[in-house]
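Below are the chains, spelled out letter by letter.
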Amino acid sequence: MSRVYQPSDYVVEKSRLPSFEKYKEMHKKSLEDPEAFWSEIAKEFHWQTPCQPGKFVSYNFDIDKGDIFVKWLEGATTNVCFNVLDRNIRNGHGDKIAYYWEGNHPDDYSRITYKKLLDSVCMFANALRENGVRKGDRVAIYMPMIMETVICMLGCARIGAVHSVVFAGFSPDSLAERMSDCKAKVLVTADGAWRGEKLLVLKKTCDQALEKARTKHNHEVSLCIVVSHLGRVKPCGKMDDIKKLYDWNYNVDVWWHEIMEGQSPICAPEWMNAEDPLFMLYTSGSTGKPKGVLHTIAGYMLYATTTFRYVFDYREKDIYWCTADVGWITGHTYVVYAPLANAATSLMFEGTPFYPDNDRYWSLVEKYKVTQFYTAPTAIRALMKFGDELVTKHNLKTLRVLGSVGEPINPEAWLWFYNLVGNKRCSIVDTFWQTETGGHVLTGLPGASPMKPGAAGFPFFGVEPTLLDESGKVIEGPGEGYLVFSRPWPGIMRTLFGDHARYQKVYFSKFKGYYCTGDGARRDENGFLWVTGRIDDMLNVSGHLLSTSEVEGVLTEEHSVSEAAVVSKPHPVKGESLYCFVILNEGVQFGPELIDALKKRVRNRIGAFAAPDVIQYAPGLPKTRSGKIMRRILRKIALGDTDIGDTSTLADPSVVDELFKSRP
Ligand code: WT7
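Residues numbered from 1 in each chain as written. Predicted model: local features only at pLDDT ≥ 70, side-chain atom pairs only at ≥ 80, totals over all residues. Heavy atoms only, no water.

### Observations concerning the overall build of the chain
Thought 1: Broken down by element type, the chain carries 20 helices and 32 strands.
Thought 2: Compactness check: the chain gives a C-alpha radius of gyration of 25 Å against a globular reference of 26 Å for 664 residues, within 12% of the reference.
Thought 3: Seen through its C-alpha atoms, the chain measures out along the principal axes to roughly 75 × 60 × 60 Å.
Thought 4: Here the chain holds 664 residues, and the buried ones make up 61% of them.
Thought 5: Pairs at least 24 residues apart make up 74% of the contacts formed inside the chain by residues separated by at least 6 positions.
Thought 6: Of the accessible surface of the chain, which amounts to about 25700 Å², a share of 49% is contributed by carbon and sulfur atoms. (Helix = DSSP H or I, 4+ residues; strand = E, 2+ residues; numbered from the N terminus. Rg over C-alpha atoms; globule rule 2.2 N^0.38 Å. Buried < 20%, exposed > 50% of the residue type's maximum accessible area, 1.4 Å probe, protein only. Contact = heavy atoms within 4.5 Å. Areas by Shrake-Rupley, 256 points an atom, 1.4 Å probe, with all protein chains shown as cover.)

Right under this line is the structure:
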């Protein structure tokens, strides 16, 4: 039995939703009458054409009844950029700071107001239009955490272009694959950026990716817009002449500042249909090929806004900080769209928690007087290692809400976050969601929800979670099963870009009538939901989802490897890590060189975050008679746990002993 923590008076006093009863009441209403619930919130926004009553939501989650679809506010027209900027300015927030920006180097910082942000967004939107970008076109973005990234995303939204941000830690191959899949017309990047003392030459990665897109995928990106960033920030490590680090292709490349020059700060927004696409974002799929998750305009805007407001309990003068990179969905929703929609002031941070010192996060909370701090368990675990003094030496009294996202948070990390960072008086919101869900779906609410360390808590408004057993039977009351949802909330994805069949298959075919998350969850005796982790062949390294087959595919590209099997092994900081078994071709030597080559290959092909921790030589793999690899056994071998249970279904049980012997 874990202890229940109640929200402190400090949090409750300021809360817009100060009791659990109130939450339950609102949640009930949101399910009984979705139209009444969401149309009330929609009233705050500008609609060029309002939604007609009765048209608020329609959907089909049952594949037997026809194609899966979800529609919110059909027939309404609006523009997200207009709503998050112009509307706020009209409401008197023009001079309010939208973002404080802090660079990798502590001496680099700036700020931007809502009014100034709108000016830049309009100029960039005009520049895009001038370069032939039209409504519906895709714009790929490969950027560091700088203001131009936000400007670029909103510039796309203003003219109805669909942005497709690729996390700037992905390799040239991954970027090329994603740009080609979405047929991006334009790529926006920066010359480079510092991460701690390391220099990332993004432009070089882009050059390689553009080349690969051309040669491997037969896709030509016609324009590459480059922000000149390195020249304006302080160097944090060794750097040669920037210009020599990459090439300049005069047919394709253009500087951001050059295309911005002379642009008007006024740009008429494109009025979009509620169900037009807003953006797409790739996420790993268990078959290897990334999935282009597509989000649309109106529902996403409503849902992002509402979750932010209640989950972080944002109030007028608060300073909110989400540490996520814009390259992931957390950055899209909770660095860009949701805070802006609420006219919030956010901190955007370019650097790492460890530079110049391991207390950078805490010094930033102090410097900016942060009230809401939203980060990932992997960061918390990494910071715990450096001792409490790095936290206690800073004044963190402004904090009120602490957020966690990306993976289940282990109770030890939760308690450290709660006791030390939050000084026992902040609420922790453990937000469970996915790229696909658009916004939080299971979470606590600061003033309302009791907390248990490690439990994600309760469904957000409009969300109806269900637990199913393997046969699809609903588990009522306490129990554990597949986490699924029986109806759509406004922010759920609408399709996978260019592949609606895969969308239906991946998410709606396992259990008829339900959206299947791919996660397992447990409901305890008090109704708390605990997400127990992936139940498909996916793994979560430092909050980054990867598919085992994706990594296996890369390993077997190495000529000396004939077969590979990848499993997850628990890791004290990263949550999970990659443990790889490789079967080698005849005559190949297994040793440090090959291990190195394989690790490098995965880094280069996917990205640094995917680097395997262990490569083990495997004389064979534990397979069933039908040839399926029993990963359950491989996970035990990775752990060195000899209690492997029944092996009678294996074609050759002796392989298990051999694998234990060949553990490194
Ligand atoms: C997967 C989604 C949503 C933002 C970041 C990741 C895991 C995410 C939690 C949490 C337990 C969590 C799930 C989920 N996950 N948040 N609070 N507790 N698990 O987005 O890359 O789409 O990954 O991350 O396994 O399915 P994503």
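What follows continues from the structure just given.
### Topic: the site of the ligand
Thought 1: Surrounding the ligand, one finds 17 residues, the nearest of these being D430, T431, T435, D519 and R534.
Thought 2: Residue E407 places a main-chain N or O atom 3.4 Å away from a nitrogen atom belonging to the ligand.
Thought 3: Note that a nitrogen atom of the ligand is positioned 3.5 Å from one of the backbone N or O atoms of F432.
Thought 4: Relative to its unbound accessible surface of 550 Å², the ligand loses 96% to contact with the protein.
Thought 5: For the shell around the ligand, the secondary structure elements donating two or more residues are α11 (329–341), β20 (427–431) and β27 (529–534).
Thought 6: Partitioned by chemical class, the residues of the shell around the ligand number seven nonpolar, six polar and four charged. (Near = heavy atom within 4 Å. Polar contact = N/O pair within 3.5 Å; in protein donor to acceptor, adjacent residues only side chain to side chain. Nonpolar A, V, L, I, M, F, W, Y, C, P; charged D, E, K, R; others polar.)

### Considerations on the packing of aromatic side chains
Thought 1: In total, this model carries 57 aromatic pairs according to the counting rule given.
Thought 2: On the numbers, 4.6 Å between centres and 35° between planes, the contact of F167 with W328 is tilted. You can see F167 sitting in the loop between β7 (162–165) and α7 (172–181) and its partner W328 sitting in the loop between β16 (319–322) and α11, a full 161 residues away along the chain.
Thought 3: Three or more aromatic residues joined by ring pairs form one cluster here, namely F20, Y23, F37, W38, Y303, Y310, F458, F460, F461 and F528.
Thought 4: When the ring centre of Y310 is taken as origin, the NZ or CZ atom of R16, which lies over that ring, is 5.9 Å away.
Thought 5: Its end group placed over the ring of Y10, R425 keeps NZ or CZ at 3.6 Å from the ring centre. (Phe/Tyr/Trp six-rings, centres within 6.5 Å; stacked < 30°, edge-to-face > 60°. Lys NZ or Arg CZ within 6 Å of the ring centre and 35° of its normal.)

### As for the pattern of salt bridges
Thought 1: Under the criterion given, the structure shown has 44 salt bridges.
Thought 2: Here K203 ties to D207 by a salt bridge, and the two come within 2.6 Å at their closest N and O atoms. Linking K203 with D207, this pair stays in helix α8 (residues 202–217), spanning four residues, or about one helical turn.
Thought 3: Put simply, D173, K212, K216, E557, E558, R601 and R605 are held in one network by salt bridges that share partners. (Salt bridge = Lys/Arg side-chain N within 4 Å of Asp/Glu carboxyl O.)

### Let's talk about helix α19 (residues 631–639)
Thought 1: Regarding α19, the residues found buried are R631, I633, L634, I637 and A638. The arc that holds the buried residues of α19, viewed along the axis, is 155°, so those residues lie on one side.
Thought 2: Packed against the buried residues of α19 are α17 (548–555), β30 (561–571), β31 (575–584), β32 (614–617) and α20 (654–661).
Thought 3: G640 lies just past α19 and shows a positive phi near 75°. (Arc of directions from axis to C-beta.)

### Concerning the side chain of S284
Thought 1: In this structure, S284 sits in the loop between β14 (277–283) and β15 (291–296).
Thought 2: Among the polar contacts made by the side chain of S284, one reaches the main-chain carbonyl oxygen of L545 at a distance of 2.9 Å.
Thought 3: Polar side-chain contacts of S284 include one of 3.4 Å to the side chain of E550.

### Thoughts on the state of the cysteines
Thought 1: Enumeration according to the criterion identifies zero disulfides in this entry.
Thought 2: No disulfide involves C81; its sulfur sits 6.3 Å from that of C122, the nearest cysteine. (Disulfide = S-S within 2.5 Å.)

### Digging into the UniProt feature "domain: Acetyl-coenzyme A synthetase N-terminal" (unreviewed entry) in the chain
Thought 1: When the UniProt feature table is mapped to this numbering, "domain: Acetyl-coenzyme A synthetase N-terminal" (unreviewed entry) covers residues 23–84.
Thought 2: Strand forms 16% of residues 23–84 and helix 39%; the C-alpha atoms that close the span are 26 Å apart. (UniProt positions renumbered as here; feature names shortened; annotations may be inferred.)

### Points about the packing of helix α6 (residues 147–159) against α11
Thought 1: Relative to each other, α6 and α11 sit at 60°, their axes nearing to 11 Å. Classified by the angle their axes make, α6 and α11 are oblique. Handedness of the crossing formed by α6 with α11: right-handed. Residues V150, M153, L154 and A157 of α6 lie in contact with α11, whose contacting residues are H332, V336, Y337 and L340.
Thought 2: Considering only residue class, the contact of α6 with α11 consists of seven nonpolar, one polar and no charged. (Axes fitted to C-alpha atoms, helices over the stretch in contact; angles between N-to-C directions. Parallel < 35°, antiparallel > 145°, perpendicular 65-115°, else oblique. Left-handed = near helix turned anticlockwise from the far one by under 90°.)

### What about the sheet that holds strand β12 (residues 253–255)?
Thought 1: The strand order β12-β11-β8-β6-β7-β14-β15-β25 describes an open sheet built from eight strands, whose pairing is mixed. Of all strands in the sheet, those with a lone pairing partner are β12 and β25 (495–496), marking the two edges.
Thought 2: With two bridges connecting them, β7 and β14 associate as parallel partners. Bridge pairing links S164 to M280 in β14.
Thought 3: Strands β7, β14 and β15 of the sheet are contacted by α11, whose axis makes an angle of about 145° with β14. (Pairing = 2+ DSSP bridges.)

### Some remarks on the nonpolar core
Thought 1: In terms of nonpolar packing, the biggest core is built from 181 residues, with L73, Y99 and L154 touching the most fellow members.
Thought 2: If sequence neighbours within four positions are ignored, L154 has contacts with C81, V84, L85, L117, V121, V336, Y337 and L340. (Core = buried A, V, L, I, M, F, W, Y, C linked by side-chain atoms within 4.5 Å.)

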